Protein chains: 2
Amino acid sequence: METTWETELRTAGLRVTRPRLSVLGVLAEHPHVDADTIATAARTVHPSISPQAVYGVLKALVGGGLARRIEPAGGPALYELRVGDNHHHLVCRGCGVVADVDCVVGQAPCLSPSETAGFAVDEAEVVFWGLCADCQVARRTHGYGTNSTTENSAIEEGVGA
Amino acid sequence: METTWETELRTAGLRVTRPRLSVLGVLAEHPHVDADTIATAARTVHPSISPQAVYGVLKALVGGGLARRIEPAGGPALYELRVGDNHHHLVCRGCGVVADVDCVVGQAPCLSPSETAGFAVDEAEVVFWGLCADCQVARRTHGYGTNSTTENSAIEEGVGA
DNA sequence: CTCTTGATTTGACTGGATCAAAACAACAGG
DNA sequence: CCTGTTGTTTTGATCCAGTCAAATCAAGAG
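Quick look at the structure, then. All figures in this text were calculated on a predicted structure; none of them were measured in a lab.

Quick notes on the sheet that holds strand β1 (residues 33–34) of chain A
Residue and element names in this part refer to chain A. With respect to topology, three strands assemble into an open sheet ordered β1-β3-β2, the strand pairing being antiparallel. Here the strands that pair on one side only, and so sit at the sheet edges, are β1 and β2 (68–70). Pairing geometry for β2 and strand β3 (residues 78–80), over three bridges, is antiparallel. Pairing of R68 across the sheet is with E80, part of β3.

The following block contains the structure:
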């Protein structure tokens, strides 16, 4: 598998280094994670990696088109490997879990606002806010979100496609 | 005009204070501004207002449903008075200008992802990214975005409805 | 006018992210 | 295989938006 990443890195004109492979490994296992979680997870594979190195790697990956950065309001930025297929996200207000959703209605509608006001639009970003299944249960059970504040990153869930 | 805001504040169960009226005044003139710009502008009317007071006021306004907070990726949070009508935003990658757009296709489509993955969705946030008219010209003229970095807030532009 | 309660001020602090310079490693060429 | 160049990683400092807590102050009820 790593061979694939090596190829992709080279194709993007990036050198193949241990930190980069570690980060790619983490991203492959966890679809939506923040920089800090990536650093922690990557350290199990490559102990000496520093948080700043992770930022550098992520910047390089995003720049090279291997990863995508998403920034849900009110939280740290998350990174994912799914690039190229324009898909959107479901974010849980309770625990911060992010799930993928394929483009809402086919392909085109997402990219055409009624009035562009002179803007040259190149991307439509759609974020659905709500409560994930777990948080709905928690809220009904304990009266108010309980398992919420504890872990609001590092968790992930893949759905679309 | 202030009378209206006084009424709205009271209706929301909030006290009518000078800082609040100042902030509302700024928001009425500038549809999409960040907290810092609001503080600066409000100071022309009420010199002694502190940045933290602005955060407090904004929090109160958002909590009371008088203002809405939007957080475009990569920039500080912006605030606007248009609440209740679900409209979306066009953000310029060059200068950060934000313009309003009415709901893409009528009302409903915005709220139905193809797969909810068990989520109870309550809001669909749509952000269109692109280049505003000015930045398109600037980019074509100077080869690369020029008037960009200088002012990326405090500017605003109203369009939809 | 006075009192209560909520709002503002002041000042310190957090967390995510960026920057710059120095140490280091990938990989092309000999 | 060895060497040099150049892009990466490290280290450490720094920035900015935003938050928190205690003290002061003013809105509005009585």
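Quick word on the pairing of strand β4 (residues 88–92) of chain B
Residues and elements named next belong to chain B. Most of β4 is tucked away, with five of its five residues classed as buried. Across the two faces of β4 the burial is the same, with H88, L90 and C92 and H89 and V91 all buried. Summarising the sheet, β4 and strand β5 (residues 98–101) pair through four bridges and their orientation is antiparallel. Pairing of H88 across the sheet is with V101, part of β5. Turn length for the β4-β5 hairpin, with the two strands adjacent in sequence and antiparallel, is five residues, and the turn residue G96 shows positive phi of about 85 degrees. Pairing analysis gives four bridges linking β4 to strand β6 (residues 120–131), with the strands arranged parallel.

Details of the protein's contact with DNA strand D
Surveying the vicinity of DNA strand D reveals 20 residues, the closest of which are T17, R20 and A53 of chain A together with R10 and A77 of chain B. In DNA strand D, the atoms that sit within 4 Å of the protein are 72% sugar and phosphate, with bases accounting for the remainder. Interatomic distance of 2.9 Å between a side-chain N/O atom of R10 of chain B and a phosphate oxygen of DNA strand D. In this structure, a phosphate oxygen belonging to DNA strand D sits 3.0 Å away from a main-chain N or O atom of A77 of chain B. Mapped onto the surface near DNA strand D, the elements with two or more residues apiece are α2 (18–29) and α4 (51–63) of chain A together with α4 (51–63) of chain B. Taken together, the residues of the surface near DNA strand D break down into nine nonpolar, five polar and six charged.

Conventions and cut-offs
- Residues numbered from 1 in each chain as written.
- Chains lettered and ligands numbered in written order.
- Predicted model: local features only at pLDDT ≥ 70, side-chain atom pairs only at ≥ 80, totals over all residues.
- Heavy atoms only, no water.
- Pairing = 2+ DSSP bridges.
- Helix = DSSP H or I, 4+ residues; strand = E, 2+ residues; numbered from the N terminus.
- Buried < 20%, exposed > 50% of the residue type's maximum accessible area, 1.4 Å probe, protein only.
- Near = heavy atom within 4 Å.
- Polar contact = N/O pair within 3.5 Å; in protein donor to acceptor, adjacent residues only side chain to side chain.
- Nonpolar A, V, L, I, M, F, W, Y, C, P; charged D, E, K, R; others polar.

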